[in-house]
Amino acid sequence: MQLIEYPDAEMMMIDLADKLASELKNSLLVHDHASFAVPGGTTPGPIFDSLCAVDLDWARVRVMLTDERWVPEDSERSNTRLLRERLLIDCAADAQYLPLYAPAETPEEKLPELARALEPELPISVMLLGMGADMHTASIFPGADQLDLALHGDENLVAMRAPGAPEPRITLSAKVLKSAMSRHIVIVGGEKRAALEKARHLPPEEAPVSAILSGTKVHWAER
């Protein structure tokens, strides 16, 4: 793990957007297309605001989420909604989006279909992840019902239900996260920095993010 510290979050978001854009451009130099996986939540929003205006061949970029809540796209809880509002606009409107949600009562009904669509994009070229104060990443939560499968199984996508999560989730597995060609985690604040340090000394069953720290660049600012 490489920890990169920044004097403030605004500078971190701009710098990280530049890094991600550079990695996508480099990937497109040697591949027909690049796959780009990103988190939902509020933290990456400023990164998306910068990245969407970058001049690169977005038509050859496949954008996907690292995880999604099993809610319709028009829900305020939808991570897809965030991407459509803040990333898949401006220059990045030309990118192809691969959803992790399809209309159905449960994620299990659509899991095979979504997994088939994901398969051609693996390994993911560039990945951005977040981390919760409980040391989860993507939707791989401590105490989740399919935690062992998500951490150690051969599946690429896993449906998850976790304590405190209001709806089912669908998440990239640790297998997919670890196979990404370039992997970044972005965190802000003292609480998450303390959680990161704790996770480094715990097994993935207690701190799922620890499963993917090796080889990952972690970007942190206090505020």
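Above this text sits the structure in question.
Rules used in this analysis
- Residues numbered from 1 in each chain as written.
- Predicted model: local features only at pLDDT ≥ 70, side-chain atom pairs only at ≥ 80, totals over all residues.
- Heavy atoms only, no water.
- Salt bridge = Lys/Arg side-chain N within 4 Å of Asp/Glu carboxyl O.
- Helix = DSSP H or I, 4+ residues; strand = E, 2+ residues; numbered from the N terminus.
- Buried < 20%, exposed > 50% of the residue type's maximum accessible area, 1.4 Å probe, protein only.
- 1 Å grid on protein atoms, 1.4 Å probe; cavity = no way out; pocket = protein on both sides within 12 Å on 5 of 7 lines; lining within 4 Å.
- Points joined across faces, edges and corners; volume = space filled by probe spheres on them.
- Nonpolar A, V, L, I, M, F, W, Y, C, P; charged D, E, K, R; others polar.
- Polar contact = N/O pair within 3.5 Å; in protein donor to acceptor, adjacent residues only side chain to side chain.
- Contact = heavy atoms within 4.5 Å.
- Core = buried A, V, L, I, M, F, W, Y, C linked by side-chain atoms within 4.5 Å.
- Pairing = 2+ DSSP bridges.
- Axes fitted to C-alpha atoms, helices over the stretch in contact; angles between N-to-C directions.

1. Structural notes on the pattern of salt bridges
Then, in step 1: Across all of its chains, the model carries twelve salt bridges by this definition.
Then, in step 2: For Lys19, the salt bridge identified is with Asp15, shortest N-O distance 2.4 Å. One end of the pair, Lys19, and the other, Asp15, are both in helix H1 (residues 9-30), four residues apart, so they sit about a helical turn from each other.
Then, in step 3: Owing to a relative accessible area of 29%, Lys19 belongs among the partly exposed residues under this scheme.
Then, in step 4: As a salt-bridge pair, Arg193 and Glu197 come within 3.3 Å of each other at their nearest N and O atoms.

2. Observations concerning the layout of surface pockets
Then, in step 1: One number sums up the size of the largest pocket: a volume of about 370 Å³.
Then, in step 2: Secondary-structure elements contributing two or more residues to the lining of the largest pocket are strand E4 (67-69) and strand E9 (183-188).
Then, in step 3: The dominant element in the lining of the largest pocket, judged by the number of residues it contributes, is E9, at three residues.
Then, in step 4: Of the residues assigned to the lining of the largest pocket, the class counts are eight nonpolar, ten polar and four charged.
Then, in step 5: Lining the second largest pocket, in full, are Gly41, Thr42, Arg69, Glu76, Arg77, Ser78, Asn79, Arg81, Leu82, Glu85 and Arg86.

3. Comments concerning the side chain of His136
Then, in step 1: By secondary structure assignment, the location of His136 is in the loop between strand E6 (126-129) and helix H5 (147-152).
Then, in step 2: At 2.6 Å, the side chain of His136 and the side chain of Asp134 are in polar contact.
Then, in step 3: The residues contacting His136, other than those within four sequence positions of it, are Gly130, Met131, Phe141, Pro142 and Pro208.

4. Quick word on the nonpolar core
Within soluble globular proteins, side chains that are nonpolar generally end up buried alongside one another.
Then, in step 1: One finds Phe36, Val63, Leu83, Leu172 and Ile185 to be the most contacted residues of the largest nonpolar core, which totals 78 residues.
Then, in step 2: Looking at this core element by element, the count peaks at nine residues for H1.
Then, in step 3: Those residues in contact with Ile185, other than ones at most four positions away along the chain, are Leu129, Gly130, Met131, Val209, Ile212, Leu213, Thr216, Lys217, Val218 and His219.

5. Comments concerning the sheet that holds strand E5 (residues 96-98)
Then, in step 1: If you trace the seven strands from one edge of the open sheet to the other, you get E1-E10-E9-E6-E2-E3-E5, paired in parallel fashion. With one partner strand each, in any of the chains shown, strand E1 (2-6) and E5 form the two edges of the open sheet. Neighbour to neighbour, the strand axes of the sheet diverge by 20° on average, direction disregarded.
Then, in step 2: Direction of pairing for E1 relative to strand E10 (residues 217-221): parallel, over a ladder of five bridges. Bridging across to E10, Ile4 finds its partner in His219.

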